[in-house]
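# A structural walkthrough
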Amino acid sequence: MKTTPQRDYFPILLQLTGHPCLVIGGGRVAYRKIESLLQAGARVTVISPQMVPELEALAAAHAAEAQPEGKASLRLIRQPYALGDLKGYRLAFAATGNREVNEACRQEAEHCGVLLNVVDVPDLCDFIMPAVHQQGDLLFMVCSQGKSPMLTKRLRKELQQRYGPAYGRVAEVMGELRQQAFQDLPDIHHRREVFRHLIEDGPLDEALTLPPEEARQHLWAAYGQMIEQL
Ligand SMILES: C[C@@]1(CC(=O)O)c2cc3[nH]c(cc4nc(cc5[nH]c(cc(n2)[C@H]1CCC(=O)O)[C@@](C)(CC(=O)O)[C@@H]5CCC(=O)O)C(CC(=O)O)=C4CCC(=O)O)c(CCC(=O)O)c3CC(=O)O
Ligand SMILES: NC(=O)C1=CN([C@@H]2O[C@H](COP(=O)(O)OP(=O)(O)OC[C@H]3O[C@@H](n4cnc5c(N)ncnc54)[C@H](O)[C@@H]3O)[C@@H](O)[C@H]2O)C=CC1
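Per an unreviewed UniProt entry, the recorded name for the protein is precorrin-2 dehydrogenase, and the organism is Anoxynatronum sibiricum. Quoted verbatim from the Pathway (unreviewed entry) field of UniProt, the annotation for the protein is "Porphyrin-containing compound metabolism; siroheme biosynthesis; sirohydrochlorin from precorrin-2: step 1/1." Of the comments in the UniProt record for the protein, the one headed Catalytic activity (unreviewed entry) reads "precorrin-2 + NAD(+) = sirohydrochlorin + NADH + 2 H(+)".

See below:
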């Protein structure tokens, strides 16, 4: 029986806007990684002799738009991986399913210090991918540290059911209120008290049941009352 070694991964969120990232392979699995890299604003290069049609379409759509400096972009290179390809990238994915390519990428990543994910081969990975549910600025991420990607997927779906668009909206309002509070309340203890009240004592729960505009008004009103009392 194959077992995944016990590991304790370090969870982080990477800022990739404008950074060059590489995907080796142009199949369905590569496509999923490319989509999420572009969403994070990365400048993506794909190296692969063949590309799936949806990837071709994505590249055509990107080429049609003007790409300002520092924004997400997509470039396709129709060649097999060759030694030297990883140089200059911040992050790389190997998604060919080819063992020799996987191992060659691992060796090169070691050599040039690029962080590498070899899809489905945790032993060759510097980092692994969580399942993600995004709702506005809220990110819910699930990972089983390699033990069970299917369990991870199921839990991601449960989070999707449980945390719908109302959560994304309240997160947005909370962000606005927090900026306001930086101006209104220089003392961090006061800010903590205000947000503890908003989040723990009812206003948040109430807002989650209201239509978007009313939810916003409700939270702003509760905030207003709270700072008057301080
Ligand atoms: C370690 C890791 C490394 C990495 O790839 O980053 C890894 C490893 C492996 N996956 C395998 C298989 C499958 N992976 C999925 C799905 C996902 N796998 C993802 C991540 C990860 N997969 C990392 C750990 C995540 C964690 O800790 O939980 C997700 C979350 C994110 C993503 O892929 O972007 C995405 C769900 C996204 C979503 O839906 O939200 C499915 C289900 C499906 O496709 O429906 C299957 C088929 C069922 C099965 O085999 O269990 C195999 C065996 C390959 C073989 O047999 O050849 C290995 C290798 C091994 O276990 O040794
Ligand atoms: N996590 C998941 O849900 C799944 C993971 N996989 C894994 O991901 C791998 C890729 O899956 P798919 O995208 O479905 O496979 P695929 O066979 O459709 O795509 C492989 C891609 O790699 C390219 N390629 C082949 N040799 C190359 C080389 N030397 N250099 C650069 N590119 C090369 C091919 O042109 C093709 O675009 C599978 O082999 C498997 O290990 C597969 C299915 C599901």
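With that settled, the discussion passes to the nonpolar core. Most often, soluble globular proteins have nonpolar side chains that are buried together. Grouped together as the largest cluster of nonpolar side chains are 24 residues, with contacts concentrated most on Ile-34, Leu-37, Val-44, Val-46, Leu-55 and Leu-74. Going through the elements one at a time, β1 (20-24), α1 (28-39), β2 (43-47), α2 (53-64), β3 (73-77) and β4 (91-94) are the ones with two or more residues in this core. For this core, the element with the most residues is α1, which contributes five residues.

Looking now at empty space enclosed by the protein. Evaluated as defined, the whole model comprises one cavity of 30 Å³ or more. Roughly 30 Å³ of volume is contained in the largest cavity. Considering the residues around the largest cavity, the lining is formed by Arg-169, Val-170, Val-173, Pro-212, Ala-215 and Arg-216. Taken together, the residues of the lining of the largest cavity sort by class into four nonpolar, no polar and two charged.

According to the domain assignment, the protein contains domain 1 (20-129) and domain 2 (165-229). A straight line from the C-alpha centre of domain 1 to that of domain 2 covers 41 Å.

Here we come to the side chain of Thr-152. Among the secondary structure elements, Thr-152 is positioned in helix α4 (residues 149-162). Among all residues touching Thr-152, those that are not within four sequence positions of it are Ala-131, Val-142, Cys-143 and Ser-144.

Time to look at the environment of Gly-84. Structurally, Gly-84 is set in the loop between β3 and β4. Separated by 21 residues in sequence, Gly-84 and Cys-105 place their C-alpha atoms 9.4 Å apart.

Turning our attention to the sheet that holds β1. Strand-to-strand pairing in sheets goes through backbone hydrogen bonds, with the strands running parallel or antiparallel. Spatially, the five strands line up as an open sheet ordered β3-β2-β1-β4-β5, and their pairing is parallel. This sheet does not close on itself; its edge strands, each paired only once, are β3 and β5 (115-118). Neighbouring strand axes in the sheet, compared pairwise and without regard to direction, differ in orientation by 15° on average. Note that β4 and β5 share four bridges and pair parallel. From the neighbouring strand, Phe-93 faces β5, where its bridge partner is Asn-117.

Our next topic: the site of ligand 2. Of all residues adjacent to ligand 2, which total 19 residues, the nearest are Gly-26, Val-29, Gln-50, Tyr-81 and Asp-120. The backbone of Tyr-81 places a nitrogen or oxygen atom 2.9 Å from a nitrogen atom of ligand 2. The separation between a nitrogen atom of ligand 2 and a polar side-chain atom of Asp-120 is 3.1 Å. Starting from 850 Å² of accessible surface for ligand 2 in isolation, the protein chains cover 62%. No other element matches the three residues that α1 contributes to the shell around ligand 2.

Rules behind the numbers
Residues numbered from 1 in each chain as written. Chains lettered and ligands numbered in written order. Predicted model: local features only at pLDDT ≥ 70, side-chain atom pairs only at ≥ 80, totals over all residues. Heavy atoms only, no water. UniProt positions renumbered as here; feature names shortened; annotations may be inferred. Core = buried A, V, L, I, M, F, W, Y, C linked by side-chain atoms within 4.5 Å. Buried < 20%, exposed > 50% of the residue type's maximum accessible area, 1.4 Å probe, protein only. Helix = DSSP H or I, 4+ residues; strand = E, 2+ residues; numbered from the N terminus. 1 Å grid on protein atoms, 1.4 Å probe; cavity = no way out; pocket = protein on both sides within 12 Å on 5 of 7 lines; lining within 4 Å. Points joined across faces, edges and corners; volume = space filled by probe spheres on them. Nonpolar A, V, L, I, M, F, W, Y, C, P; charged D, E, K, R; others polar. Domains from an automatic or database assignment. Contact = heavy atoms within 4.5 Å. Pairing = 2+ DSSP bridges. Axes fitted to C-alpha atoms, helices over the stretch in contact; angles between N-to-C directions. Near = heavy atom within 4 Å. Polar contact = N/O pair within 3.5 Å; in protein donor to acceptor, adjacent residues only side chain to side chain. Areas by Shrake-Rupley, 256 points an atom, 1.4 Å probe, with all protein chains shown as cover.

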